[in-house]
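# Coordinate inspection notes
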Amino acid sequence: MSNLNYGVVGNCRTAALISEKGSIDWLCFPDFDSPSIFASLLDRERGGSFGFDVTEDYHISQSYVPHTNILSTSFSSKEGEFVVLDYMPYYRSCENAHYLPAELYRYVRWIKGKPRFKVNYVPAPNYAQGKVIHNVTSEFIESYCSSDNKDRQYLYSSLPLQNIEQKKEIILEKDEFFLLSYNEKVIPVDIEREKIEYCRTLVYWLNWTNRTKKYSLYNDVIERSMLVLKLMSYYNGAVLAALTTSLPESVGEVRNWDYRFCWLRDASMSIETLFQIGHIGAARRFMKFIQSTFVSKHESYQIMYGIRGERQLTEIILEHLSGYKNSKPVRIGNDAYHQKQNDSFGYLMDLIYQYYRLMPGTLDEIEDMWEMVKSILSTVMEDWKKPDKGIWEIRGESRHFVSSKVMCWVALDRGAKIASMLNKYGYSERWQKEADKVWQDVMTYGWKEELQSFSQTYDNMAMDSSLLLMEPYGFIAADDIRYHKTVKAVKKALLHKGLMYRYNSEDDFGLPSSAFTICTFWLIRALFVIGEKEEARCLFDDVLTYSNHLGLFSEDIDFNTKEQLGNFPQAYSHLALVNTAILFAEENKRLAFIRP
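A quick note: this is a predicted structure, and the numbers were derived from the prediction, not measured. (Residues numbered from 1 in each chain as written. Predicted model: local features only at pLDDT ≥ 70, side-chain atom pairs only at ≥ 80, totals over all residues. Heavy atoms only, no water.)

### Things to note about the overall build of the protein
A tally of helices and strands in the protein yields 14 helices and 28 strands. In terms of overall dimensions, the protein is globule-like: its C-alpha atoms have a radius of gyration of 25 Å, near the 25 Å expected for 596 residues. Each principal axis of the C-alpha distribution contributes one length, and for the protein these read about 75 × 60 × 50 Å. Counting the 596 residues in the protein, one finds 61% classified as buried. Considering only residue pairs separated by 6 or more positions, the protein has 65% of its internal contacts joining residues 24 or more positions apart. Charge centroids of the protein, computed over 69 positive and 78 negative side chains, lie 2 Å from each other. (Helix = DSSP H or I, 4+ residues; strand = E, 2+ residues; numbered from the N terminus. Rg over C-alpha atoms; globule rule 2.2 N^0.38 Å. Buried < 20%, exposed > 50% of the residue type's maximum accessible area, 1.4 Å probe, protein only. Contact = heavy atoms within 4.5 Å. Lys, Arg positive; Asp, Glu negative; His and termini not counted. Charge placed at Lys NZ, Arg CZ, Asp CG, Glu CD.)

Listed below in structure tokens is the structure:
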């Protein structure tokens, strides 16, 4: 069903995509947004990978060690069996800080017999630009790229390094290990050390999952999505939209973007989901990241930032890479950081409101945050009347998008509520008055009598999935007839073969041709709240079958083949999956409670 049959391992610093055959096909060192070492995901010939070659009679299967982000790939045949456990060390060290080195362990556990394999270790540092130089020493294989010899990788192993380098056949008779590190190690690396790192990392993930709220329905689906969202949080609090770059929204087309950045919108929504399910620490760290990015600089706001708060994300095309399934171009950086998207502040202000309501911080934190609220809302007061690029970052001309106006209303509404909580009644009144104006504006220009629905922009009659968000953010009630009619109109126009278009009007790249995963979850929620619960549940169960073999979702899905497309895994898709699954779980609990 899905060609993106990859598992993901990581440690909130970087992450690796590992194929269902156990090959690392994407890894950036030392951080998420660093140049890749393995990128055969984007170029099978040149990109570089690290896997195990076995004969065709081997059966290979893959799963996560339950409740963790440790990936297990099992190889078995008549001659023997072994399991590869992939993980990046991640645990709390004695100073109460987290230990998250830029390194990846591959623990090869012997199960039985005499299994044989060759190690296919082909690093291609710096996005495979330049010639790779290998240096085999008595301790490690060092590799670097001729175009940048400062960036080096070190492969340690209990197996003979010459045999690895020369791709000689290895007969496995006991447990062995590989450690790929960005730094040369200053302590001895052996199998005992590897086992300690494994146990510490295992316990970290088990504890983390144990702190996650449990549900009577879809708990495993919710848990896996939460573990994925955690992997996409950089240790300073920033949240990535996805772990990859340039996986196309449609094969052979040019909608290929770098998603290894922090969008205010996606990140705010991800954090709100983590928060709701019991992970307050993630919300605290994100707030600190936002404060350090905004408050200290008092500069104009952007819709997105680098994961360390960088403001310039210059887009470059890597001409030498052929792209995923030959879908060029491969881009690094993202020019969307210039764009004006007025809706971003709504998501962020909604999160800040939850922060004030549920997470009382220290006085200086509360005051810092209040400065930020005032600053954001003065921007919203000024900008809500102006056209923008909308939630989908349309690269053509700016328009008056209904969803942008709705989220400006959310920003003002939440700001007014925060001001009331802090007894700042002057601000509260002023922002509430402006929120009422926005509401009136949307009702006047966004509602189209002839369509009996809201439309995508003030000046067109197109449908857009983002209109479904009017209800969850409180702009309109679930029982308002206008919302009911809009849900029906959006469903009629955009639901196709069980999946949703974002919109199906032309944009600057022509007509969209794949389903946008999050939009199907939005429709499911909308159907649920307007009372079509049975239909919503059936649609949800169908969508779950389109995940990959480990329950992971990318950004897009092909309508016909149901193949996953777009960057992977996608925070957006997983946070919507969690929120939707919780709806059904809570409903299940409510019904169980009222049954005689």
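Okay, back to it.
### What about the environment of Tyr-182?
Mapped onto the secondary structure, Tyr-182 falls in the loop between strand S17 (176-181) and helix H3 (191-210). A sequence separation of 80 residues divides Tyr-182 from Ala-102, and the C-alpha atoms of the two residues are 5.7 Å apart. Setting aside residues up to four positions removed in sequence, Tyr-182 forms contacts with Phe-29, Pro-30, Ala-102, Asp-151, Arg-152 and Tyr-154. A polar contact of 2.4 Å, which involves the side chain of Tyr-182, links it to the side chain of Asp-151. (Polar contact = N/O pair within 3.5 Å; in protein donor to acceptor, adjacent residues only side chain to side chain.)

### Describing the packing of helix H5 (residues 264-276) against helix H6 (residues 280-294)
Relative to each other, H5 and H6 sit at 155°, their axes nearing to 8 Å. Here H6 runs roughly antiparallel to H5, going by the angle between their axes. Judged by the twist between their axes, the crossing of H5 over H6 is left-handed. Residue-level inspection shows Leu-264, Ala-267, Ser-268, Ile-271, Leu-274 and Phe-275 of H5 in contact with H6, the latter providing Ile-280, Ala-282, Ala-283, Phe-286, Ile-290 and Phe-294. Counted by class, the contact of H5 with H6 contains eleven nonpolar, one polar and no charged residues. (Axes fitted to C-alpha atoms, helices over the stretch in contact; angles between N-to-C directions. Parallel < 35°, antiparallel > 145°, perpendicular 65-115°, else oblique. Left-handed = near helix turned anticlockwise from the far one by under 90°. Nonpolar A, V, L, I, M, F, W, Y, C, P; charged D, E, K, R; others polar.)

### Describing the UniProt feature "domain: Trehalase-like N-terminal" (unreviewed entry) in the protein
Residues annotated by UniProt as "domain: Trehalase-like N-terminal" (unreviewed entry) correspond here to residues 8-135. With 3% helix and 53% strand, residues 8-135 has end C-alpha atoms that lie 29 Å from one another. (UniProt positions renumbered as here; feature names shortened; annotations may be inferred.)

### Considering the domain arrangement of the protein
For the protein, the assigned domains are domain 1 (4-207) and domain 2 (211-582). Domain 1 and domain 2 are separated by 34 Å when their C-alpha centres are compared. With 39 residues of domain 1 at the contact, the number on the domain 2 side is 36 residues. Interface of domain 1 and domain 2: buried area, both sides summed, is about 3,300 Å²; carbon and sulfur atoms make up 63% of it. It is Leu-4, Phe-32 and Leu-42 in domain 1 that bury the most area against domain 2; as a group they hold 24% of the surface buried on that side. The interface formed by domain 1 and domain 2 includes two salt bridges. A salt bridge links Asp-31 to Arg-308; its shortest N-O distance comes to 3.5 Å. (Domains from an automatic or database assignment. Buried area = accessible area lost by both parts, 1.4 Å probe. Salt bridge = Lys/Arg side-chain N within 4 Å of Asp/Glu carboxyl O.)

### Here we look at the side chain of Thr-201
Positionally, Thr-201 belongs in helix H3. When sequence neighbours within four positions are dropped, the list of residues in contact with Thr-201 reads Ile-70, Tyr-87, Met-88, Pro-89, Tyr-90 and Tyr-91.

### Structural notes on the environment of Leu-71
Relative to the assigned elements, Leu-71 resides in strand S7 (residues 71-77). Note on Leu-71: relative accessible area 0%, which makes it buried. Distance from Leu-71 to Glu-471, taken between C-alpha atoms, is 38 Å for residues 400 residues apart in sequence. Those residues in contact with Leu-71 that sit more than four places away from it in its chain are Gly-7, Val-9, Ile-18, Gln-62, Ser-63, Tyr-64, Val-84, Leu-85, Asp-86 and Leu-550.

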